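# Fold and geometry: a report
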Amino acid sequence: WYEHNGFTHEATEHALSASDFERAAQLIQAQADVSWQRGEHGKLRRWLPKLPHDILFSRPHLGIYHAWYLFAGGQHETAAQILEVTEQVLNIDSNRSTTLKKTHLRGKIAAIRAFMSSYQGDAPGIIHHARQALEDLPEQDSVWRNICAIVLGDAYGFTGDMAAAYKTRL
């Protein structure tokens, strides 16, 4: 009833409470990008860990968000492991995703890796991953692209290339 009447948040909560994890994953995936862009991170951060790993990893889109939230929460090693598994699933998945969608997801993975490199103080890693992300992310994905542009500009600044840092932020 919740879902059919436009209450996707409540439908997701109900599916999770009923242990209908497949349905919950479908609902979460359908609203993940919009929730992310609106800055509604709390519900995604709360829902994703409730999904069993087999369901979470069968949907690379959700694995990417889960890895981001783990990284942002200080669980860097676990985030890196989840990102690795997510990327492997994405590479194996030959039927479900179009090439364009896979490229977009790879861009998000590269964006997270750029941040991981930033945390490690690895300026060449930041530059490599952020450039890859900006190449793979579509122009309309402004949130992920802006995140990459900021970390890329910082990396150029760390290396002393202020001209490149300035261009990146434009």
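Look a little higher up for the structure.
Before going into details, it helps to say that this report is about the structure given with it. Fair warning: this is a prediction, and the values are worked out from it, not measured in the lab.

Once that is clear, we can look at the pattern of salt bridges. Considering all chains together, one arrives at eight salt bridges under this definition. Between lysine 108 and aspartate 33 there is a salt bridge, with its nearest N and O atoms 2.9 Å apart. Placement of the pair is lysine 108 in helix α7 (residues 99-119) and aspartate 33 in helix α2 (residues 21-37), with a sequence separation of 75 residues. Overall, lysine 108 belongs to the buried group, its relative accessible area being 2%. A salt bridge links lysine 43 to glutamate 40; the nearest nitrogen and oxygen atoms lie 3.3 Å apart. Take lysine 43: its relative accessible area is 16%, and that puts it in the buried class. Each of the salt bridges in this network shares a partner with another, and the network as a whole consists of Glu84, Glu87 and Arg113.

Turning next to the packing of aromatic side chains. Aromatic rings in a pair are described by how distant their centres are and how their planes are angled relative to each other. Counted according to the given criterion, the structure contains 10 aromatic pairs. Centre to centre, the rings of tryptophan 68 and tryptophan 144 are 5.9 Å apart; their planes meet at 70 degrees, and the pair counts as edge-to-face. Placement of tryptophan 68 in helix α5 (residues 60-72) and of tryptophan 144 in helix α9 (residues 142-159) is noted, with a sequence separation of 76 residues between them. By the burial criterion, tryptophan 68 is buried, and tryptophan 144 matches it. Through successive ring pairs, a cluster of aromatic residues spans Trp36, Tyr65, Trp68, Tyr69, Phe115 and Trp144.

The subject of this paragraph is α5. Helix length check: α5 (13 residues) gives 18 Å between terminal C-alpha atoms against 18 Å at 1.5 Å per residue, within 8%. Among the 13 residues in α5, 12 count as buried, and that is most of the element. Inspection of α5 places Pro60, His61, Leu62, Gly63, Ile64, Tyr65, His66, Ala67, Trp68, Tyr69, Leu70 and Phe71 among the buried residues, and these make up the whole buried set. Contact partners of the buried residues in α5: α2, α3 (41-47), α4 (53-57), α6 (76-92), α7 and α9. Looking at the residues trailing α5, positive phi occurs at glycine 74, about 90 degrees.

Here we take up α7. Look at α7: 30 Å from first C-alpha to last across 21 residues, which is about the 30 Å you get at 1.5 Å a residue. Among all positions in α7, only Lys102, Leu105, Gly107, Lys108, Ile109, Ala110, Ala111, Ile112, Arg113, Ala114, Met116 and Ser117 are buried. On the buried face of α7, the contacting elements are α2, α5, α6, α8 (123-136) and α9. Positioned one or two residues after α7, glycine 121 has a phi angle of 75 degrees, which is positive.

Looking now at the environment of alanine 72. Relative to the helices and strands, alanine 72 resides in helix α5. The exposure class assigned to alanine 72 is exposed, which follows from its relative accessible area of 51%. Between the C-alpha atom of alanine 72 and that of isoleucine 109, which follows or precedes it by 37 residues, the distance is 14 Å.

Ranked by internal contacts, the top residues of the largest apolar core, which has 39 residues, are Leu48, Leu51, Leu62 and Trp144. Among the elements that make up this core, the one with the highest residue count is α5 (eight residues). Sequence-distant contacts of leucine 62, defined by excluding residues within four places in its chain, comprise Ala25, Ile28, Gln29, Ala32, Leu48, Leu51 and Leu56. Counting 10 residues, the second-largest nonpolar core is a separate cluster that includes Ala114, Val151, Ala155 and Ala165.

The next subject is the environment of histidine 61. By the secondary structure assignment, histidine 61 is in helix α5. A relative accessible area of 8% places histidine 61 in the buried class. Taking C-alpha positions, histidine 61 is 21 Å from glutamate 10, a pair spaced 51 residues apart along the chain. Once residues within four sequence positions are removed from consideration, histidine 61 is found in contact with Gln29, Ala32, Asp33, Leu105 and Lys108.

Quick notes on the rules
- Residues numbered from 1 in each chain as written.
- Predicted model: local features only at pLDDT ≥ 70, side-chain atom pairs only at ≥ 80, totals over all residues.
- Heavy atoms only, no water.
- Salt bridge = Lys/Arg side-chain N within 4 Å of Asp/Glu carboxyl O.
- Helix = DSSP H or I, 4+ residues; strand = E, 2+ residues; numbered from the N terminus.
- Buried < 20%, exposed > 50% of the residue type's maximum accessible area, 1.4 Å probe, protein only.
- Phe/Tyr/Trp six-rings, centres within 6.5 Å; stacked < 30°, edge-to-face > 60°.
- Expected span 1.5 Å × (residues − 1).
- Contact = heavy atoms within 4.5 Å.
- Core = buried A, V, L, I, M, F, W, Y, C linked by side-chain atoms within 4.5 Å.

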